[in-house]
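# Residue-level structural notes
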Amino acid sequence: MNQKLKEKIMESLSAVLPITGIVLFISILLVPLELATMFMFMTGAIMLVVGMGFFQLGAEMSMTPLGEGIGVQISKTRMIVLIIAIGFAMGVIITISEPDLQVLAQQVPSIPNMTLILTVAVGVGIFLALAIVRILFQIHLSTILIVLYLIMIGMAYLVPKEFMAVAFDSGGVTTGPMTVPFIMAMGVGLASVRGDKNASSDSFGLVALSSVGPVLAVMILGCFFNPTQAAYTTLAVADVVTTRDLLWEFLTSMPPYIKEVFVSLIPVAAVFAIFQLISRRYQRRQVKRILIGFAYTYIGLVLFLCGVNVGFAPVGSFIGKEIGAAGWRWLLIPLGMLIGYYIVKAEPAIQVLNHQVEGVTNGAVSAKAMNRCLSIGVAVSVGLALMRVLTGLAISWIVIPGYVIALVLSRFVPNMFVGIAFDSGGVASGPMTTTFLIPLSIGACESVGGNIMTDAFGVVALVALTPLIAVQIMGIQYRIVTSQPGRSGAAGALAKQPVFAEDAIYDFEEDDIFDFEEDLENDDQSSETSFSDAVFNRDSEAGA
């Protein structure tokens, strides 16, 4: 097996395994599951693990170099209108293919799936274009975030309450494994051409601004849809008796996802083809690798969506419904906190973020401290989300004060931490939150007789809120440590020096630098070749 594919599958396994263990524990002690149901869950979990492995590797091979290349090319043009148009188009196209968004759309009642997906995609497109303009004109990130979040908080009091939770959830699911590599790489490409002292800080923040757009877009959409017009369709576990029935259930459920994913990825592939024809940026070897990446992405998305919707999510909904109907329903809160604690520890993107912060601060804020802080924070967020399910507490009482705290903190932390914190908000709410915690909340909400639109949704929003506060607290800690006497050495110097934004995305070795320099000489493209070329030289040895 390809070594990198094996690594990605193991990362996915580490994310799914804790949930599987907790479900097994619940099925033995609290909610007995039939063997057929457990086999459906296990099969769905296996498909989810393999699918996410293929998908993450494919996105890394295709989305990251494509985003970085487009970012570099955009920054070279002087036509602002063209820049905005390209940013908008790429935001829409990439978001449509985001698996987390597709999973969320299938669970929201009263709004047709494609209507919600397109609304969210347009929101991302508009604000990705705004984020690009911010980088080019060097607008301070915390200033623009304060303005946008104040607008968002103000709109929260004008839209129907049924759409509040779904709107905030939409902001979290759009920054998933497809969107984040592309958008972060685009930020690297945009900032790398500038080369000034603020380029490193400005390379962050694209994900943060892009996640605001869906919230505002869904709030506006809420004014045109009546949530009482359609009822939620309960996710039911398929009734299987034999292993042949189980296999047949998954095989017959797969064709719609094969078609759906194909339609979603065609626009992305078309963008790559057009971009390559115009810019001639990538060599033949790189083009081949990107095409293989698209194939991996396609296979991974099909397996992921089929496994989630047929075998994984229905069991989460069933467990939530059974616990919600029991006399000990409050046990749902500590169980959810336990799941939240391990979900964030297992998210590969979170681990990358933690080590990134450790590197940026030269060890002043350790990856271990970041990991502990985020794990506790997300556990509290999930507990609050499930408490909302049982009590009906409005999400605005939690989210709005949380954002106010985050915005206030942004005025007191280093600029680098503001971008990292708001970018990481969507990173924490990964596929496991969407595929298991939302169905769990919906099932429990049905049992207690709550309103699904107002009470069950909001899990993703609360999980996405935690890093905004946690990372900035780490930033304050970093500022205090580096301001102490005797700490003005390496850590203090680092605070004054720009950090290469490429280091936030790529992990280079010395051999990669030499390969990169050789490419510059051999191809005579010193002004056009990007850091992604070095990544190709390194990763191609893995046999992708």
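Structure: see above.
Reference entry: report on the structure contained in this document. (Residues numbered from 1 in each chain as written. Predicted model: local features only at pLDDT ≥ 70, side-chain atom pairs only at ≥ 80, totals over all residues. Heavy atoms only, no water.)

### Thoughts on the packing of helix α7 (residues 164–173) against helix α20 (residues 459–483)
Quick reminder of the rule: All axes here are fitted lines through C-alpha atoms, helices being fitted over the stretch that makes contact, and every angle between N-to-C directions spans 0 to 180 degrees. Numbering of helices and strands runs from the N terminus, with a helix taken as a DSSP run of H or I at least four residues long and a strand as a DSSP run of E at least two residues long. Here is the rule for angles: anything less than 35 degrees is roughly parallel, anything more than 145 is roughly antiparallel, 65 through 115 is roughly perpendicular, and the remaining ranges are oblique. By definition, any crossing whose near helix is turned counterclockwise from its far helix by less than a right angle is left-handed, and any crossing with a clockwise turn is right-handed. Two residues qualify as a contact provided that any one of their heavy atoms is within 4.5 Å of a heavy atom in the partner residue. Three classes are used: nonpolar for Ala, Val, Leu, Ile, Met, Phe, Trp, Tyr, Cys and Pro, charged for Asp, Glu, Lys and Arg, and polar for all others, with Gly counted as polar.
Running from N to C, α7 and α20 point in directions that differ by 55°, and their axes come no closer than 7 Å. It follows that α7 is oblique to α20 by the angle criterion. Considering the relative orientation of α7 and α20, their crossing is left-handed. Facing F168, D169, G172 and V173 of α7, the residues of α20 in contact are V459, V460, A461 and A464. A breakdown of the residues in the contact of α7 with α20 according to their chemical character gives six nonpolar, one polar and one charged.

### Here's the deal with the pattern of salt bridges
For clarity, the threshold we go by: Here, a salt bridge means any Lys or Arg side-chain nitrogen found within 4 Å of an Asp or Glu carboxyl oxygen. In this scheme, a residue with accessible area under 20% of its type's maximum is buried, one over 50% is exposed, and one in between is partly exposed, where area comes from a 1.4 Å probe on protein chains only.
Per the stated rule, a full pass over the model turns up three salt bridges. For K8, the salt bridge is made with E60, and the minimal N-O distance between the two is 3.0 Å. With K8 in helix α1 (residues 3–29) and E60 in helix α2 (residues 35–76), this residue pair connects regions lying 52 residues apart in the sequence. Overall, the relative accessible area of 27% leaves E60 in the partly exposed class. A salt bridge links E446 to K321; the shortest N-O distance between them is 3.8 Å.

### Quick notes on the packing of aromatic side chains
Condition: Between rings of Phe, Tyr and Trp, where Trp is taken as its six-membered ring, a pair exists when centres lie within 6.5 Å; planes separated by under 30 degrees are stacked, by over 60 edge-to-face, and by other angles tilted.
Counted under the stated rule, the structure contains nine aromatic pairs. The interplanar angle of 35° and the centroid separation of 6.1 Å between the aromatic rings of F272 and Y282 together place this pair among those described as tilted. Of this pair, F272 sits in helix α11 (residues 243–279) while Y282 is found in the loop between α11 and α12 (284–325), placing the two residues 10 residues apart along the sequence. Like F272, the residue Y282 is buried in the burial classification. Between Y341 and Y342, the aromatic rings sit 5.5 Å apart at their centres with planes inclined by 80°, giving edge-to-face as the arrangement. A relative accessible area of 28% means that Y341 is categorised as partly exposed. Among the aromatic side chains, those forming a connected cluster through ring pairs are F272, F275, Y282 and F294.

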